[in-house]
Amino acid sequence: MSSFESIQSLIQDFSKGNPLGLKLSEVQLQQEWEHLVGATMAKHSYPESIRFKKLHLVADNSIWLQQLMFLRPAILEAIHSMMPELGLTEVVLRIGSIPQSPPQPDPLPQDPPHFVGEPSPFATGLAKRLSNPDLQTLLSQTITKALAEASPSTREPGKTSDYEDLPPPTSLETPTAS
């Protein structure tokens, strides 16, 4: 055995017989649900939880609930083949709402972003709240770039800035009587 073990094996060893292990298995099942039952069935059903070796499934209407009732043995068999450590004995069904899948994040850019000039004082002031100096620099550069770029769809043709229509700044000093 080497002195280093993978994080995955450490988590698996720690979570055996632990509520954390059951929760991790539950999340894994939820992530693999579409692969397990197919896209159509996954749109209308969701593995809500695992309690006392019973899988609690939610169907979005009575028609899909009926379909799941007929497919209980096949679902249990598929789960046993994918995750035998769960030892599920039963599928409990109910009608409810299916959670929407979270939106997929935009892919990360391949090239590092190009930043414009020195960070603005405003951006630097906001970034100073972070304790990591490298993150401070990146955040202030990102804010500066975002402030420098204006979305072309919201700008009127011929305008070079979103601030052209604003009145000139006025002095905050109070007039003195002569």
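Not measured: the values here are computed from a predicted model. (Residues numbered from 1 in each chain as written. Predicted model: local features only at pLDDT ≥ 70, side-chain atom pairs only at ≥ 80, totals over all residues. Heavy atoms only, no water.)

Draft legend 1. Representation of the overall build of the protein chain in the model. Along the backbone of the protein chain there are six helices and three strands. Traced from its N-terminal end to its C-terminal end, the protein chain shows the element sequence α-α-α-β-β-α-β-α-α. The proportion of buried residues among the 178 residues of the protein chain is 21%. The long-range fraction of contacts in the protein chain, counting pairs at least 24 apart against all pairs at least 6 apart in sequence, stands at 52%. With the model as given, the accessible surface of the protein chain reaches about 13,800 Å², and the carbon-plus-sulfur share is 59%. (Helix = DSSP H or I, 4+ residues; strand = E, 2+ residues; numbered from the N terminus. Buried < 20%, exposed > 50% of the residue type's maximum accessible area, 1.4 Å probe, protein only. Contact = heavy atoms within 4.5 Å. Areas by Shrake-Rupley, 256 points an atom, 1.4 Å probe, with all protein chains shown as cover.)

Draft legend 2. A nonpolar patch on the surface, seen in detail. Taken together, the side chains of Leu130, Leu135, Leu138 and Leu139 present a nonpolar region at the surface, about 310 Å² in accessible area. Here Leu135 is to be found in helix H6 (residues 133-148). Using a relative accessible area of 44% as the deciding quantity, one classes Leu135 as partly exposed. (Patch = residues over 30% accessible without salt bridge, like charges linked within 9 Å, V, L, I, M, F, W, Y side chains within 5 Å. Salt bridge = Lys/Arg side-chain N within 4 Å of Asp/Glu carboxyl O.)

Draft legend 3. Seen up close, H6. With 16 residues, H6 extends 22 Å between its outermost C-alpha atoms, agreeing within 8% with the 22 Å of an ideal straight helix rising 1.5 Å per residue. Those residues of H6 that fall on the buried side of the exposure criterion are Ser140, Ile143 and Thr144. Around the axis of H6, the buried residues are gathered within 100° of arc, so they sit on the same side. Seen from the open side of H6, the exposed residues pointing more than 90 degrees away from its buried face are Asp134 and Ala146. (Expected span 1.5 Å × (residues − 1). Arc of directions from axis to C-beta.)

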